[in-house]
Amino acid sequence: MAATKTRTVEQLVAEYAEPIADAVGLDVDDDDRTQDGFTRLLSDAADRLPAADCTREWLEEAVVALGALAYVDTDTARQAVLRRVYGLLYEAKSDLESC
């Protein structure tokens, strides 16, 4: 069986901060590259989208999941949360790029 890829918040930021921010007209600064800053960036990006937009829902779910990282106590649980966030941000980025 293949090993599961280890995910990090830093990888999330590197892959998704710029494209998501650019798509909604936000700038990314150094603070946005921290976990708290990235969470705020995603929340701000979601606020720029219509309430009924599924992309907004994906971003809001990613914000909640990132907040949950503070409460997980095992690496397995942390990886499960990060995989969930990756999936949500993949969908959001794809939708934003296609608009």
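The structure contained in this document is the topic of the report that follows. (Residues numbered from 1 in each chain as written. Predicted model: local features only at pLDDT ≥ 70, side-chain atom pairs only at ≥ 80, totals over all residues. Heavy atoms only, no water.)

## Describing the side chain of Asp32
Note the cut-off: Secondary structure elements follow DSSP: runs of H or I of four or more residues count as helices, runs of E of two or more count as strands, with numbering from the N terminus. Note on classification: 1.4 Å probe, protein chains only; a residue is buried when its accessible area is under 20% of the maximum for its type, exposed when over 50%, partly exposed between these limits. His is not counted here, nor are the chain ends, while Lys and Arg score as positive and Asp and Glu score as negative. The term salt bridge refers to a pairing of a side-chain nitrogen on Lys or Arg with a carboxyl oxygen on Asp or Glu at a separation within 4 Å. Side-chain atoms alone can form a polar contact between residues adjacent in sequence; in general such a contact is a pair of N or O atoms within 3.5 Å, and within protein one must be able to donate a hydrogen while the other accepts it.
Relative to the helices and strands, Asp32 is located in the loop between α1 (9-24) and α2 (35-47). Despite its burial, Asp32 pairs with no opposite charge, the nearest such side chain being Arg40 at 5.7 Å. A polar side-chain atom of Asp32 sits 3.0 Å from the main-chain amide nitrogen of Asp29.

## Section: the packing of helix α3 (residues 54-68) against helix α4 (residues 75-98)
To keep things clear, this is the line we draw: Axis lines are fitted through C-alpha atoms, for helices just across the contact stretch, and the angle between N-to-C directions can take any value from 0 to 180 degrees. Geometric relationships in this document are graded by angle, where less than 35 degrees denotes roughly parallel, more than 145 denotes roughly antiparallel, 65 to 115 denotes roughly perpendicular, and other angles denote oblique. Note on convention: near helix rotated counterclockwise from far helix by under a right angle means a left-handed crossing. Clockwise means right-handed. The contact criterion used throughout is that any non-hydrogen atoms of two residues lie within 4.5 Å. Throughout, the ten residues Ala, Val, Leu, Ile, Met, Phe, Trp, Tyr, Cys and Pro are labelled nonpolar, Asp, Glu, Lys and Arg are labelled charged, and all others, Gly among them, are labelled polar.
At their nearest, the axes of α3 and α4 sit 9 Å apart, and the two run at 155° to each other. The orientation of α3 with respect to α4, classified from their angle, is roughly antiparallel. As for how α3 packs across α4, the hand of that crossing is left-handed. Packed against α3, whose contacting residues are Cys54, Thr55, Trp58, Leu59, Glu61, Ala62, Ala65 and Leu66, the element α4 presents Val81, Arg84, Val85, Leu88, Leu89, Glu91, Ala92, Asp95 and Leu96 at the interface. A per-class count over the contact of α3 with α4 returns 12 nonpolar, 1 polar and 4 charged.

## Some remarks on a negative patch on the surface
We count it as follows: What makes a patch is a set of residues exposed beyond 30% relative accessible area and free of salt bridges, joined within 9 Å when like-charged and within 5 Å when nonpolar (Val, Leu, Ile, Met, Phe, Trp, Tyr). Every accessible area reported is derived by Shrake-Rupley at a probe size of 1.4 Å, with residue values counting cover from the shown protein chains alone. Throughout, a charge is located at the NZ atom of Lys, the CZ atom of Arg, the CG atom of Asp or the CD atom of Glu.
Taken together, the side chains of Asp22, Asp27, Asp29 and Asp30 present a region of like negative charge at the surface. Examined against the element boundaries, Asp22 turns out to sit in helix α1. Among the residues examined, Asp22 registers a relative accessible area of 53% and is labelled exposed.

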